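# Descriptive structure summary
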Amino acid sequence: MTVSEVRERFLKEKEAVKTLKDLENFRQLFLGKKGLISQLFKELRSAPPEKRKELGREINLLREEVESFVRQKAKELKEKELQERLRRERLDAALPGDTVLPLGAKHPLSAVVEEITEIFKGMGFTVETGPEVEKEEYNFDMLNIPKEHPARDMQDTFYLNRKGYLLRTHTSPVQVRTLLKKRPPVQIIAPGRVYRRDDDPTHSPMFFQVEGLVVNETVNFAHMMWVLKEFLRRFFETEVPVRFRPSYFPFTEPSTEVDIGCVICGGEGCRVCKNTGWLEVLGAGMVHPAVLEACGVDAERYRGFAFGLGVDRFAMLKYGVDNIKHFYENDARFLRQFLSL
Ligand code: PHE
């Protein structure tokens with residue numbers, strides 16, 4: 001192989017170099033350890049001595065030519081590749097996104113708890129809380145619920161392994177906690193989770209209540225009726241019919257259950273109100289003197305009223321939800337309907 005043959009090959013091959021990969025192959029072919037240039041140098045040894053110097057110079061010149069081409073071409077191809085990549089990955093930061101990021105929203109139950117809380121705050125109540133793991137003593141004993149009372153039954157109550165503790169079955173123990181901590185007058189509500197062994201379309205083993213407690217020297221049953229009626233009017237944003245039925249709770253005397261005219265059928269009778277035209281929404285009554293005394297409050301001097309409402313029930317009625325489970329399954333299709341809350 002002669003220098004000019006290799007040069008010819010070089011001139012031909014260099015036209016075919018289109019990519020960095022081609023270039024690397026090309027480089028191996030001419031400049032590699034066993035490449036054409038090396039071969040020329042090897043053959044140089046067998047050339048006649050008087051021609052070696054001249055031939056060596058020619059090979060060196062050719063090598064420089066090839067090297068400079070490789071350098072040049074590498075630069076060019078790298079630049080080309082970069083430009084192509086920039087074009088391909090072009091990004092207009094000012095372009096509006098094609099999907100709007102979904103914003104989180106309030107859970108309908110949280111929204112209803114907040115709404116209820118705001119209404120009572122507007123009537124001068126403050127907010128108290130208590131633990132969900134509660135002492136049996138606060139959940140039952142001090143609320144005048146005797147040891148044999150059916151509410152204490154294992155059927156209804158989640159007892160914990162630790163003796164004397166349970167998952168609170170209502171928010172009423174916060175009445176006790178409040179009275180142990182504060183001297184009257186008190187005027188509080190206590191929203192929170194409660195637990196019962198219950199499971200059907202209108203009962204969930206965990207649900208929400210809001211407790212209310214007012215204790216001072218003068219409060220009476222009529223005050224309680226006004227507060228509850230006013231609350232219901234504000235919550236349902238209309239003059240709902242309200243009915244007070246005599247009832248029984250160990251911790252109130254007298255006790256009442258409060259019904260509203262069915263907001264689904266307008267009182268005509270439907271599935272939701274079981275054709276009675278009325279819906280039970282609240283339990284309430286005058287705080288039993290035994291409860292006041294158990295908390296160290298002078299029952300001769302002070303009186304109070306208390307109430308408890310089921311938040312889930314209120315939310316179901318307000319938004320026409322027919323199964324309490326919807327609130328706890330977190331199906332996005334259900335929750336999405338409340339994005340505006
Ligand atoms: N704690 C009662 C319940 O869960 C509701 C209630 C509260 C009734 C306060 C009267 C007074 O059913």
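Quantities reported herein were computed from a predicted structural model and do not represent experimental measurements.

## A look at the domain arrangement of the chain
We note that the domain assignment places domain 1 (3–89) and domain 2 (108–338) within the chain. The centre of domain 1, based on its C-alpha atoms, is set 90 Å off from the matching centre of domain 2.

## What to know about the site of the ligand
Residues in close proximity to the ligand total 14 residues, the closest being His170, Ser172, Arg196, Gln209 and Gly308. Interatomic distance of 2.9 Å between a side-chain N/O atom of Arg196 and an oxygen atom of the ligand. The side chain of Gln209 places a nitrogen or oxygen atom 3.0 Å from an oxygen atom of the ligand. Across the complex, the protein chains shield 89% of the 330 Å² of accessible surface that the ligand would expose by itself. Within the residue set of the shell around the ligand, elements represented by two or more residues are β5 (206–216), β8 (278–287) and β9 (303–310). In terms of residues, the shell around the ligand owes the most to one element, β9, which gives three residues. Taken together, the residues of the shell around the ligand sort by class into five nonpolar, seven polar and two charged.

## Quick notes on the packing of aromatic side chains
Taken as a whole and assessed by the stated rule, the structure comprises 19 aromatic pairs. Plain terms: the ring middles of Phe10 and Phe26 are 6.1 Å apart, the flat faces sit at 50 degrees to each other, and that makes the pair tilted. With a gap of 16 residues between them, Phe10 in helix α1 (residues 3–13) and Phe26 in helix α2 (residues 20–31) connect regions that are remote in the sequence. The rings of Phe120, Phe125, Phe231, Phe235, Phe236, Phe305, Phe307 and Phe314 are connected pair by pair, giving a single aromatic cluster.

## What about unusual backbone geometry?
Between Pro184 and Pro185 the backbone carries a cis peptide bond, its omega angle lying at 5 degrees. Inspection of the secondary structure assignment puts Pro185 in the loop between α7 (173–181) and β4 (186–195). Put simply, Glu253 and Pro254 share a cis peptide bond, and its omega is -5 degrees. Backbone geometry at Asn144 places phi at a positive 65 degrees, although glycine is not the residue there. Within the secondary structure layout, Asn144 lies in the loop between α6 (136–139) and β3 (165–167). Residue Asn144 is classed as partly exposed on the basis of its relative accessible area, which comes to 29%. Unusually for a residue other than glycine, Glu237 sits at a positive phi of about 55 degrees. By the element assignment, Glu237 lies in the loop between α8 (221–236) and β6 (242–249).

What counts and what doesn't
Counting starts from 1 at the beginning of each chain's written sequence and moves along it residue by residue. Confidence filtering applies because this is a predicted model: local features only for residues at pLDDT of at least 70, side-chain atom pairs given and counted only at 80 or more, and all residues used for totals across whole chains, interfaces and linings. Calculation of side-chain values draws on the structure's entire complement of heavy atoms; hydrogens and water are dropped beforehand. Start and end positions for the domains come from either an automated domain assignment or a database one. Whether a residue is near a molecule or strand depends on its heavy atoms: it is near if one of them lies within 4 Å of it. We call two N or O atoms a polar contact when they sit within 3.5 Å, provided that within protein one can donate a hydrogen and the other can accept it, with sequence-adjacent residues counted only if both atoms are side-chain atoms. Every accessible area reported is derived by Shrake-Rupley at a probe size of 1.4 Å, with residue values counting cover from the shown protein chains alone. Strands are runs of DSSP state E lasting at least 2 residues, helices are runs of H or I lasting at least 4, and numbering of each runs from the N terminus. Only Asp, Glu, Lys and Arg are considered charged in this grouping, and only Ala, Val, Leu, Ile, Met, Phe, Trp, Tyr, Cys and Pro are considered nonpolar; every other residue, Gly among them, is considered polar. Two aromatic rings, drawn from Phe, Tyr or Trp (for Trp, its six-membered ring), form a pair once their centres lie within 6.5 Å of each other, and the interplanar angle then sorts them: stacked below 30 degrees, edge-to-face above 60, tilted otherwise. Categorising residues by exposure relies on relative accessible area from a 1.4 Å probe, with only protein chains included: less than 20% of the type maximum marks a residue as buried, more than 50% marks it as exposed, and the intermediate range marks it as partly exposed.

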